[in-house]
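The residues making up each chain are set out below.
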Amino acid sequence: MLLVGPRGIGKTHLLCLTRHYVGRRLSARAGWVLPSDAWVCPFFTEEEFAGQNSLANFLITLFAKLREESPHEPRFHLPAHLPNETDQQVVDCCFERLQQFHAESKKRVLLVIDNLQKILQQWTDAEHYRLRGFLSNDGGVVILGSAPSVFREVLDQKAAFHNFFEPRILTELTTPRILELLKRR
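Note that the coordinates shown come from a computational prediction; the quantities given were computed from them, not determined experimentally.

> Teacher, can you tell me more about the environment of V154 here?
Inspection of the secondary structure puts V154 in helix α6 (residues 152-155). With relative accessibility at 8%, the residue V154 sits in the buried group. Between the alpha carbons of V154 and Q100 there is a distance of 29 Å; along the sequence they are 54 residues apart. The contact partners of V154, leaving out residues within four places of it in the chain, are L2, F161, H162, N163 and F165.

Below, the structure is given as structure tokens:
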């Protein structure tokens, strides 16, 4: 899913809340339905995008975040030499470990990425297709992202992520809705 809306509308806040509810850091309110499966929810903030210039680098960072979330999960501890290997070897190893994690633990990864377009715009089309193929075939990793607008990697009919994400357009609150919100709070 891709949350789309202007800057300052609350996309990052929604991502954080989702991460906390799905990861069971916050209790669900009465009447809310949360996923029944256990989830691990790493979160990428906008400030972390500088070193994510390839799918391999992104996956190495993802595994560092997964280790923070689940330090006792052995599949999240990558071999020390892996960052020195080729991008292909890094991607293969990381995807294999994610598949094993899902198959053996029955847990899933909700990958929460603020300003998703900033990561994808740094990668090659081949890396886009590689990630889409993994996400489409595995089922153990789901992406919830945000963006200020629908971007080329999602909009272009020839792009790997065309018709992949379900965009949810967030519109600004009208004055009466702002007053209603304030009254309820």
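And the narrative resumes.
> Quick question: what am I supposed to make of the layout of surface pockets here?
What the largest pocket holds in volume is close to 930 Å³. Those elements giving two or more residues to the lining of the largest pocket turn out to be α1 (11-22) and α7 (175-184). Tallying contributions element by element places α1 first for the lining of the largest pocket, with five residues. Looking at the lining of the largest pocket residue by residue, the class counts come to ten nonpolar, five polar and six charged.

> Just checking my understanding: could you explain the pattern of salt bridges for this structure?
Pairing is possible between side chains of opposite charge, provided their charged atoms come close. Inspection of every chain in the model, using the stated rule, returns ten salt bridges. Between D125 and R152 there is a salt bridge, with the nearest N and O atoms lying 3.9 Å from each other. In this pair, D125 sits in helix α5 (residues 125-138) while R152 sits in helix α6, placing the two residues 27 residues apart along the sequence. Note on R152: relative accessible area 43%, which makes it partly exposed.

> Could you clarify how one ought to interpret the state of the cysteines in this entry?
The bond known as a disulfide is covalent and runs between the sulfur atoms of two cysteines. Under the criterion given, the structure shown has zero disulfides. Take C41: it sits in no disulfide, and the sulfur closest to it among the cysteines is that of C16, at 11 Å. Of the residues examined, C41 reaches a relative accessible area of 1% and is grouped as buried.

> Please explain unusual backbone geometry as it appears in this structure.
Backbone geometry follows two general trends: most residues other than glycine have a negative phi, and most peptide bonds adopt the trans configuration. In this structure, N115 takes a positive phi of about 55 degrees despite not being glycine. Within the secondary structure, N115 sits in the loop between β4 (108-113) and α4 (116-120). According to the relative accessible area criterion, N115 is buried, its value standing at 3%. Here the phi dihedral of N163 falls at roughly 60 degrees; this positive angle occurs in a residue that is not glycine. Among the secondary structure elements, N163 is positioned in the loop between α6 and β6 (167-169).

> Whenever I open this one, the side chain of R75 confuses me. Can you help?
Within the secondary structure, R75 sits in the loop between α2 (55-69) and α3 (87-105). On the basis of relative accessibility, which here comes to 16%, the residue R75 falls in the buried class. Not counting chain neighbours up to four residues away, the residues in contact with R75 comprise F63, R97, Q100, F101, E104 and S105.

> Which parts of the structure should I look at to understand the packing of α2 against α3?
Each pair of packed helices gets described by two things: the angle between the helix axes and the distance between those axes. Between α2 and α3, the shortest axis-to-axis distance is 8 Å and the interhelical angle comes to 40 degrees. At the point where α2 passes α3, the crossing takes the left-handed sense. Judged by residue contacts, L55, A56, L59, I60, L62, F63 and L66 of α2 engage D87, V90, V91, C94, F95, R97 and L98 from α3.

What counts, and at which threshold
Residues numbered from 1 in each chain as written. Predicted model: local features only at pLDDT ≥ 70, side-chain atom pairs only at ≥ 80, totals over all residues. Heavy atoms only, no water. Helix = DSSP H or I, 4+ residues; strand = E, 2+ residues; numbered from the N terminus. Buried < 20%, exposed > 50% of the residue type's maximum accessible area, 1.4 Å probe, protein only. Contact = heavy atoms within 4.5 Å. 1 Å grid on protein atoms, 1.4 Å probe; cavity = no way out; pocket = protein on both sides within 12 Å on 5 of 7 lines; lining within 4 Å. Points joined across faces, edges and corners; volume = space filled by probe spheres on them. Nonpolar A, V, L, I, M, F, W, Y, C, P; charged D, E, K, R; others polar. Salt bridge = Lys/Arg side-chain N within 4 Å of Asp/Glu carboxyl O. Disulfide = S-S within 2.5 Å. Axes fitted to C-alpha atoms, helices over the stretch in contact; angles between N-to-C directions. Left-handed = near helix turned anticlockwise from the far one by under 90°.

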